[in-house]
Amino acid sequence: GEARPPGPAGVHSAEQAFRRLAGSTLPEWPALAASGLQRRTLAAGEALFLAGQLRPFVYVLCEGIVRMVYETPEGEAWVKGFAEPGFCFASVTALEPGGRTSYAAYAEVGCVVEQVDYAQIAALARRHLPWQRALTEAFKFYGRRKEQRERELYGKGMYATKTHGS
């Protein structure tokens, strides 16, 4: 899943993205940044993660474009979406303990990405309202995007049109 912080472009760090989602400053950000944040630079075509990996992180794209793809064992690929600077995203299935990514993410061009340990974010959300707001807004955005994508696919005939009882 992915979540874009509301507001104008210009987000170039995880701190900015989470502050925008929370609508305020973030308690304990320096400690999280020191222990749970990693900044990564990817070359065009390089995988940020592959399907089936343990990656319990929320990613914030700082520079570049990331392509998210569902891949089949037969080598077919379905583009799930793209992330642009300021976008937050994660494989929701990987956020649970022992969970694994359900899709792959590749740098479409050279990218800078910050990855933040989700377990640490969740722990902060249990203690601080701004972190709760940030997670709430991120998951609300994820839900809206998912529903929008489903409507788009339905309009293209990708889903059956028969309703229950028909």
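Anyway, here's the lowdown on the structure attached to this text. (Residues numbered from 1 in each chain as written. Predicted model: local features only at pLDDT ≥ 70, side-chain atom pairs only at ≥ 80, totals over all residues. Heavy atoms only, no water.)

**A word on the overall build of the protein chain**
The helix and strand tally for the protein chain stands at four helices and nine strands. Mapped from its N terminus to its C terminus, the protein chain presents α and β elements in the order β-α-α-β-β-β-β-β-β-β-β-α-α. The 166 residues of the protein chain split such that 40% are buried. Partitioning the contacts of the protein chain with sequence separation of at least 6, the portion at a separation of at least 24 is 71%. (Helix = DSSP H or I, 4+ residues; strand = E, 2+ residues; numbered from the N terminus. Buried < 20%, exposed > 50% of the residue type's maximum accessible area, 1.4 Å probe, protein only. Contact = heavy atoms within 4.5 Å.)

**Remarks on the pairing of strand β6 (residues 77–83)**
The sheet contact formed by strand β5 (residues 66–71) and β6 spans six bridges and is antiparallel. Residue pairing for β6: Met 68 is matched across the bridge by Gly 81. Linking β5 back to β6 in an antiparallel pair, the connection comprises five residues, with Gly 75 at a positive phi of about 95°. (Pairing = 2+ DSSP bridges.)

**Thoughts on the state of the cysteines**
Counted under the stated rule, the structure contains zero disulfides. Between Cys 88, a free cysteine, and Cys 62, which holds the nearest cysteine sulfur, the sulfur-to-sulfur gap is 9.6 Å. Residue Cys 88 is classed as buried on the basis of its relative accessible area of 3%. Cys 111 forms no disulfide, and the closest cysteine sulfur to it belongs to Cys 62, at a distance of 9.9 Å. Overall, the relative accessible area of 2% leaves Cys 111 in the buried class. (Disulfide = S-S within 2.5 Å.)

**Observations concerning the packing of aromatic side chains**
If you walk through the whole model with that rule in mind, you get eight aromatic pairs. Feature note: the residues Phe 49, Phe 57, Tyr 59, Tyr 70, Trp 78, Phe 89 and Tyr 103 constitute an aromatic cluster, connected by ring pairs. The ring of Tyr 103 has Lys 80 lying over it, and the distance from NZ or CZ to the ring centre is 5.1 Å. (Phe/Tyr/Trp six-rings, centres within 6.5 Å; stacked < 30°, edge-to-face > 60°. Lys NZ or Arg CZ within 6 Å of the ring centre and 35° of its normal.)

**Structural notes on a nonpolar patch on the surface**
A cluster of nonpolar side chains, namely Ile 65, Val 79, Phe 82 and Val 109, defines an oily patch on the protein surface of about 290 Å² accessible area. Residue position: Phe 82 is located in strand β6. (Patch = residues over 30% accessible without salt bridge, like charges linked within 9 Å, V, L, I, M, F, W, Y side chains within 5 Å. Areas by Shrake-Rupley, 256 points an atom, 1.4 Å probe, with all protein chains shown as cover. Salt bridge = Lys/Arg side-chain N within 4 Å of Asp/Glu carboxyl O.)

**Quick notes on the pattern of salt bridges**
Side chains bearing opposite charge may pair, as long as their charged atoms lie close to each other. Counted by the stated rule, this structure contains five salt bridges. The residue Arg 67 makes a salt bridge to Glu 108 at a minimum N-O spacing of 2.6 Å. Taken together, the residues span a long stretch of sequence, with Arg 67 in strand β5 and Glu 108 in the loop between β8 (104–107) and β9 (111–117) at a distance of 41 residues. For Arg 67, a relative accessible area of 24% translates into the label partly exposed. The partly exposed category is assigned to Glu 108, whose relative accessible area is 35%.

**Description of helix α3 (residues 118–127)**
Of the positions making up α3, those classed as buried are Tyr 118, Ile 121, Ala 122, Ala 123, Leu 124 and Ala 125. Sitting at the amino-terminal end of α3 is Asp 117, which places a side-chain oxygen 2.8 Å from the backbone nitrogen of Ala 119. (Polar contact = N/O pair within 3.5 Å; in protein donor to acceptor, adjacent residues only side chain to side chain.)

**Re the sheet that holds β5**
The strand order β3-β8-β5-β6 describes an open sheet built from four strands, whose pairing is antiparallel. The open sheet terminates on both sides in strands that have one partner only, identified here as β3 (47–49) and β6. When strand polarity is set aside, the average angle formed by the axes of neighbouring strands in this sheet is 30°. As judged from the four bridges shared by β5 and β8, these two strands associate in the antiparallel manner. Paired with Val 66 across the bridge in β8 is Ala 107. (Axes fitted to C-alpha atoms, helices over the stretch in contact; angles between N-to-C directions.)

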